[in-house]
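So the chains spell out like this:
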Amino acid sequence: MDYHLPSPASAFNGGCEDVRHHRKMPQPADVDASPDPILPSESPEIPLNPIDAVRLPIRPPPETSESLWLRRHVILSFWAVVALLGLPTWWKTTAIYRADLPLPYMTDWADGKICKPVFPLRIAVEAPLPLHDAQHLIHTTQHALDDLNEFSAHHLRLMLCDTPIVPIANYSQQVVRDEGPRQGKSDEDTALSIRLIPVETGTTPRSHLQPYSPTLDVYYTPNQIPPPSSTGSPLATFIAHELHKMFAEEQALLAYLLSTTSGAHTAKMQSLSPETAAELERQSTRAFKYAPTYHLTFSLFSPSSVPSAWDIESALKQYLSPLLESFAAISNFTVDSQVQLYAGLSPSVREPEYDESLKAWTLRKEDLSNFINAAEWPLSPSIGIGPTVNFVLYVPGESQSPLLVKENGGNSWLVPQWGGVLILNPPLTTEQNSSIPTVLTKDALAPAMHTFSDQLISLLGLPQTPASLPLRLSTLKRVRAASLLFSASSTLGALARLTKALPSIPIPDTVAKSVDLTTAHLQQACDHLRDGRFQGALEHARIAEAEAEKAFFERSMVGQVYFPDEHKVAVYLPLLGPVAVPLLMAGIKEMKSGLSAKNRLAYHATWLFMRCPYMVTRIPAIGRIVRATCYAQRISTAHHLQLPSHLCALSLCQLSFCFCPSHSRVQAVKSILDGVTSEGKSGAPGLVFVAVDKSGATLVEHASGTIGVDSKTPVDLDTTYWIASTTKIVTAIAALQLNEQGKLPLDDADFVKKIAPELAAKEVFADGITAAKQEKPITVRMLLSHTAGFGYSFQDPRVQVNEIEGGAQAVMDSPLVNQPGSVWEYGVNLDWAGIIVERVAGVKLGVYFKEHIFKPLGIQDAAFVPSKEMKANMVTMHRRDVEGSLSEIEPVYLAPLTVETKEQEEKLHHAGGHGLYAKPKEYVKILAALLNDGTSPTTGGKILKPETVNSMFENQIPDQPDFARNVPAPAIPALTNHTPELYPQEGNPPQGWGLSFLLTLAPGATGRGANTGFWAGLANLFYWVDREKGVAGIIAGQVVPFGDAKILGAWFLAEKAVYDGLEK
């Protein structure tokens, strides 16, 4: 049957136009049509003749109305059971109980809004003076003391004692000794007692601090008492200065503690000198975190069969017990001991060497960190609920005795947050040979016990001043109380943030109870601090910290953190799927059946619109049907009518449909980096990612994480990194600049022999032992393409030099392990290229870089010796252990960071292979210039000609298409992981090497184009330069070993996000 469709234009205009287009319109499957001129009628098919009747398909009898409604009622009853019984039961049994927590109150504690702790110290003054004179002296001294104080939260309050001492005539000839507690002065809240003692001879005023009593004796002459009319006196000034000096370290400790907390808990000191801050930081990193109980383990190790016993119990009782008893008000201690014979040194420690000048065997200082043989010595890191403090007494064998530390001649050292070690050398006999006793007596152990006592004091964080032990202990008590208060407050804030961020985790009543206890004890601790009752403050702060930790690490909450909402699908789908699928399918079938009438009506209405759109535009009911049907079933209606979908859109007044915009590349990169850096010590520390295009415009830049896993200081785009081997491309650019000037040929072996005769003189050690002559001379091109024959010690065991810290001499000593020009191997080639650049240019490599590369590109912060500003914002080096946990370590490349003078800087080797420090946002300016054919797109400065840049991206080793695949295991796993292939590609297409970087000749899975150059740095930095698509970037980390899976994954995903953003 022919239907006449108006054109879309005429349909949209709403009039009955003459027919211009004719189209056959078949009927939908559930719609019958007849040649009614206005509406198609619904009539059954009638066979035209008997033959047609025979050919008609046999259909089942129509379903009666009763059976139809019966089926629908059955389905509805099942749905009613699910909706009224099943869902409520499921909802009730799977509901998450969340006890009410005072979240704003917890956050206020964390932000320091509830408690601003103060430390008022009571100073009792015993003055044998008339009352009005004593009060005037105290008033004058207090005024002088307040003038000296720069820390408002810590103040000393002088009080007149009720029982002054009786003056003794000959005090000028003696020192008053401490005779224990005196009547009337047993108040434990008094921080210090001052005894004013009149004398007639000797220098006055003078003072003497009792070493084992919180008492300061001040000697004066009667004429030094200030008259009532005076506002100051030398005696008052002297006492004020003595007190200020005695408590200076305590003020510095509290100020440093406040400066490292996030909340604004109280006023800070005006300033802490850099030296003081550095010393306090060293003390904090050395000392253990506070614990109510510490476990002390004393271990005797000997590589032989003697000594086999020691009188440790008597030694501890005499030498250590008094010290432990003095700490009783702060912490408790448990003690055990052990003896192990035939306990050799760690295999990683070099054998001791005999030093003639010391007449002793010596250990190198760098070996002390590996002295403990953790594999064989039974040292447990934690016993019981408290931390373990290890004290190791090592008695060397007769063949290696005496054994000392080479650099300082000492025999003991402290291991931060672990314990102490002492080497007990046996006494020498008359024949200058040591004789090792079978049993170490109490007297023989006395030196070790004194050393262990000093080490324990340092590990527990006891201040170094003043000279009175009770005063130092009371200072530690106040510092510990404050640190516990801040720690518990911070834990409350973390719990509040966790509760808000994860609304699906349960919060049992035990957590709410612990939170209430925490806040109550925190308030009491704060009140006790304010009242000067520091022992009580410590007790309450200790309980608050324990309850806060208990609440935060509640087992059911922690388990739910690792069971996010999306994982619940995996549980509920198998459980509810078998029930839900039949019900859903039955319901959908019935809904389709019920909608069939509406479909037929919509068909007729749409047909009517195409026949006469005027009626649709003038009859609202028909118009609503057409619009609703075309919107809700835009695809099915067009399919039934076999019409293009845009016709439906036109007939419905040009309806538009929304599509979700893709996530921006900036947000994607941020999510990737933040996800990795938020995993704590199992993730990655501070990362910086920057990507640019050919115009120099920044596509993405993001800094994520902190400068160290143990630091709260965030990295930013101005953070400095040691960029390691990403230095190599800068050295190559310098060499190619000189090549453009005709000063440094790439393929002239005679030139290399003349400018660097050391290279021509080198022999080849292919097996690491046997020397052979060079079969082909070395050229600069070989150095830039890593085919000169050198290797790296951390990759190749045939190389036995420390290239990173060894300076120029290590480069000179590095052997050839391959014949020049024969094979690609990563090594010190670019270090040699840097030396050649220096000799040709006549200046240090850093000077050349600054003048000819960094200055034209507008790079400010890149240097072989970082400036003070760069050091101030430098990321910390990290090591990931075999368990995947990160820890902060000393810089792998330390030499430039120790440079302080111009002379030292002149002597420093500028390592062209690994020596630069830079900010990633500055480094990408080099990559942008390469994208732009050697010219900076932002400054216009030119560093290379376009044809030279082209040559950098030419494959130098086409005969080695798989050179970077199946890389052998490293020689030093501590510096690099086994990474068989850095950038895997499907199908293993050929690889290439340009002039200083690897080339992915085929397009990559991350979206990079063909012939993209990329390389990396030892501390897990990775850059790429894609000239085909005009994109380059770098991700900077500071972790060893190289090939860190977390940072590699972040690089791949971030690079792909950049390219995905280009395609949108």
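Our subject is the structure listed above.
Throughout what follows, the structure given in this document is the object of discussion. Not measured: the values here are computed from a predicted model. (Residues numbered from 1 in each chain as written. Predicted model: local features only at pLDDT ≥ 70, side-chain atom pairs only at ≥ 80, totals over all residues. Heavy atoms only, no water.)

## So, the pattern of salt bridges
Step number 1: This model, assessed by the stated rule, comprises 31 salt bridges.
Step number 2: With a closest N to O distance of 2.6 Å, Arg-195 and Asp-217 form a salt bridge. Here Asp-217 lies in strand S7 (residues 215-220) and Arg-195 lies in strand S5 (residues 190-198), a separation of 22 residues in the sequence. Each member of the pair, Arg-195 together with Asp-217, is buried.
Step number 3: We note a salt bridge from Asp-861 to Lys-919, for which the minimum N-O separation is 2.8 Å. Separated by 58 residues along the polypeptide, Asp-861 in the loop between helix H27 (845-857) and strand S22 (862-863) and Lys-919 in the loop between strand S25 (917-918) and helix H30 (920-931) bring together distant segments of the chain.
Step number 4: Connected via shared salt-bridge partners are Asp-718, Asp-861, Lys-919 and Lys-921. (Salt bridge = Lys/Arg side-chain N within 4 Å of Asp/Glu carboxyl O. Helix = DSSP H or I, 4+ residues; strand = E, 2+ residues; numbered from the N terminus. Buried < 20%, exposed > 50% of the residue type's maximum accessible area, 1.4 Å probe, protein only.)

## As for the sheet that holds strand S31 (residues 1039-1040)
Step number 1: On the basis of which strands lie adjacent, the open sheet formed by three strands has the order S24-S23-S31 and mixed pairing. Either end of the sheet is taken by a strand with one partner, and the two such strands are strand S24 (886-888) and S31.
Step number 2: Bridging between strand S23 (residues 878-880) and S24 involves three bridges; their strand directions are antiparallel. Across the sheet, residue His-878 finds its bridge partner in S24, namely Glu-888. (Pairing = 2+ DSSP bridges.)

## Notes on the nonpolar core
Step number 1: Grouped together as the largest cluster of nonpolar side chains are 126 residues, with contacts concentrated most on Phe-689, Trp-722, Leu-784, Phe-849 and Met-952.
Step number 2: Excluding its chain neighbours within four sequence positions, the residues that come into contact with Phe-689 are Val-669, Leu-673, Val-700, Glu-701, His-702, Trp-1024, Ile-1034, Ile-1035, Ala-1054, Glu-1055 and Val-1058.
Step number 3: Within the second largest apolar cluster, 112 residues are counted, among which are Phe-119, Leu-196, Val-479 and Ile-505. (Core = buried A, V, L, I, M, F, W, Y, C linked by side-chain atoms within 4.5 Å. Contact = heavy atoms within 4.5 Å.)

## What to know about the environment of Ala-329
Step number 1: When you line up the elements, Ala-329 lands in the loop between helix H9 (312-326) and strand S10 (332-341).
Step number 2: Classification of Ala-329 by relative accessible area gives partly exposed; the value is 34%.
Step number 3: Here Ala-329 is in contact with Lys-477, Gln-535, Leu-538, Glu-539 and Arg-542, once residues within four sequence places are set aside.

## Examining the state of the cysteines
Step number 1: Inspection of the entire model under this criterion finds one disulfide.
Step number 2: Across the disulfide from Cys-115 sits Cys-526; the S-S distance is 2.0 Å. Taking the sign of the S-S torsion, 95° for the link of Cys-115 and Cys-526, the bridge is right-handed. Of the two residues, Cys-115 sits in the loop between helix H4 (103-110) and strand S3 (119-126) while Cys-526 sits in helix H12 (residues 509-531), which places them 411 residues apart along the sequence.
Step number 3: For Cys-115, a relative accessible area of 2% corresponds to the buried category. (Disulfide = S-S within 2.5 Å.)

## With respect to the pairing of strand S20 (residues 698-704)
Step number 1: Where strand S19 (residues 687-693) meets S20, six bridges bridge the pair, whose relative direction is antiparallel. Counterpart to Val-690 in the pairing with S20 is Glu-701.
Step number 2: Turn length for the S19-S20 hairpin, with the two strands adjacent in sequence and antiparallel, is four residues, and the turn residue Gly-696 shows positive phi of about 85°.

## Points about the pairing of strand S29 (residues 1021-1026)
Step number 1: Among the six residues that make up S29, six are buried, leaving the element largely enclosed by the rest of the structure.
Step number 2: Burial along S29 is two-sided: the face carrying Leu-1021, Tyr-1023 and Val-1025 and the face carrying Phe-1022, Trp-1024 and Asp-1026 are both buried.
Step number 3: Bridge count between strand S28 (residues 1012-1017) and S29: five bridges; the pairing is antiparallel. Opposite Phe-1014, over in S29, you have Trp-1024 as the bridge partner.
Step number 4: Turn length for the S28-S29 hairpin, with the two strands adjacent in sequence and antiparallel, is three residues, and the turn residue Asn-1020 shows positive phi of about 65°.

## Structural notes on unusual backbone geometry
Step number 1: For the peptide bond that leads from Ser-401 to Pro-402, omega is 0°, which places it in the cis range.
Step number 2: As for its placement among the helices and strands, Pro-402 is situated in the loop between strand S14 (386-394) and strand S15 (403-405).
Step number 3: One non-glycine residue, Asp-933, lies in the positive phi region at around 60°.
Step number 4: On the secondary structure map, Asp-933 appears in the loop between H30 and helix H31 (946-952).
Step number 5: Its identity is not glycine, yet Asn-1020 carries a phi of approximately 65°, on the positive side.

## Examining the sheet that holds strand S6 (residues 206-209)
Step number 1: Read from one edge of the open sheet, five strands run S4-S3-S5-S7-S6, paired in mixed fashion. Each end of this open sheet is capped by a strand with a single partner; those strands are strand S4 (154-160) and S6. Mean inter-strand twist for the sheet, computed between neighbouring axes without regard to direction, equals 25°.
Step number 2: Pairing of S6 with S7 involves four bridges; the strand directions are antiparallel. Each residue of the ladder has a partner; that of His-208, found in S7, is Asp-217. (Axes fitted to C-alpha atoms, helices over the stretch in contact; angles between N-to-C directions.)

## What about the packing of H4 against H12?
Step number 1: Where H4 meets H12, the closest approach of the two axes is 12 Å, and the angle between their N-to-C directions is 40°. With respect to H12, the element H4 is oriented oblique. Here the hand of the crossing between H4 and H12 comes out left-handed. Across the interface between the two elements, Tyr-105, Met-106 and Trp-109 of H4 pack against Val-515, Thr-519, Leu-522 and Gln-523 of H12.
Step number 2: Tallied by class, residues from the contact of H4 with H12 come to five nonpolar, two polar and no charged. (Parallel < 35°, antiparallel > 145°, perpendicular 65-115°, else oblique. Left-handed = near helix turned anticlockwise from the far one by under 90°. Nonpolar A, V, L, I, M, F, W, Y, C, P; charged D, E, K, R; others polar.)

## A word on the environment of Asn-873
Step number 1: Mapped onto the secondary structure, Asn-873 falls in the loop between helix H28 (868-872) and S23.
Step number 2: Since its relative accessible area comes to 17%, Asn-873 is described here as buried.
Step number 3: For the pair formed by Asn-873 and Val-715, sequence separation is 158 residues and the distance between their alpha carbons is 7.9 Å.
Step number 4: With near-sequence residues (within four places) excluded, Asn-873 lies in contact with Ile-707, Asp-716, Asp-718, Thr-719 and Thr-720.
Step number 5: Engagement of the side chain of Asn-873 in a polar contact is seen with the side chain of Asp-716, the distance being 3.0 Å.
Step number 6: In this structure the side chain of Asn-873 is engaged in a polar contact, spanning 3.2 Å, whose partner is the side chain of Thr-719. (Polar contact = N/O pair within 3.5 Å; in protein donor to acceptor, adjacent residues only side chain to side chain.)

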